[in-house]
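Below, each chain spelled out in residue letters.
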Amino acid sequence: QLPNHNQLNLLSKLINKFKKQKIILMHGGGIDIMKYYERFRFCNNVYLDLSYTFSFFQNYSTTKDMLFLINKFDKRIVMGSDFPTIDFKRFKKTIETKLKKITKRKRERILFKNMKKLTDE
């Protein structure tokens with residue numbers, strides 16, 4: 001695997017070559033999620049998938065970063081249960097507890113509307 005800074009540079013080069021294609025970055029950068037956000041926040045074709053990351057990194061500082069992104073970057077975040085890796089009941093409980101302060105509109109965007117928008121285009 002590439003060191004993270006090289007991975008970001010490689011992704012940037014690829015994304016710049018495919019500006020008309022919608023691109024979903026799986027795991028949203030993991031523990032380096034804010035680096036990925038900073039690098040790609042102005043690339044309207046790039047979406048961050050937090051499906052696994054949101055359920056896996058509970059009780060880490062990464063959770064605060066993800067909640068920040070959900071509040072500020074909700075139009076380009078997608079999230080699902082990541083089943084079977086993450087049990088659906090665990091995912092549902094995580095969503096109910098961690099996203100209870102997030103507006104319904106933002107929850108709907110990240111849980112299904114953004115993905116629907118991607119598949120409809």
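The structure displayed is predicted, hence computed values, not measured ones.

### A look at the pairing of strand S2 (residues 46-49)
Stage number 1. Across the two faces of S2 the burial is the same, with Val-46 and Leu-48 and Tyr-47 and Asp-49 all buried.
Stage number 2. Traced from strand S1 (residues 23-25) through helix H2 (residues 33-40) to S2, the parallel crossover comes out right-handed.
Stage number 3. Bridge analysis of S2 against strand S3 (residues 77-78) gives 2 bridges, and the strand direction is parallel. Following the sheet pairing, Leu-48 is matched in S3 by Ile-77.

### As for the packing of H2 against helix H4 (residues 61-72)
Stage number 1. Where H2 meets H4, the closest approach of the two axes is 9 Å, and the angle between their N-to-C directions is 30°. With respect to H4, the element H2 is oriented roughly parallel. Within the contact between the two elements, H2 uses Ile-33, Met-34 and Tyr-37 and H4 uses Thr-62, Asp-65, Met-66, Phe-68 and Leu-69.
Stage number 2. Each residue belonging to the contact of H2 with H4 can be placed in one class, and the counts come to 6 nonpolar, 1 polar and 1 charged.

### Things to note about the side chain of Ser-81
Stage number 1. Within the element layout of this structure, Ser-81 appears in the loop between S3 and helix H5 (88-98).
Stage number 2. Looking at Ser-81, its side chain comes within polar contact range of the main-chain nitrogen of Phe-83, at 3.2 Å.
Stage number 3. In this view, Ser-81 contacts Ile-86, Phe-88 and Phe-91; residues no more than four positions away in its chain are not counted.

Parameters and conventions
Residues numbered from 1 in each chain as written. Predicted model: local features only at pLDDT ≥ 70, side-chain atom pairs only at ≥ 80, totals over all residues. Heavy atoms only, no water. Buried < 20%, exposed > 50% of the residue type's maximum accessible area, 1.4 Å probe, protein only. Helix = DSSP H or I, 4+ residues; strand = E, 2+ residues; numbered from the N terminus. Right-handed = clockwise from strand over helix to strand, strands pointing away. Pairing = 2+ DSSP bridges. Axes fitted to C-alpha atoms, helices over the stretch in contact; angles between N-to-C directions. Parallel < 35°, antiparallel > 145°, perpendicular 65-115°, else oblique. Contact = heavy atoms within 4.5 Å. Nonpolar A, V, L, I, M, F, W, Y, C, P; charged D, E, K, R; others polar. Polar contact = N/O pair within 3.5 Å; in protein donor to acceptor, adjacent residues only side chain to side chain.

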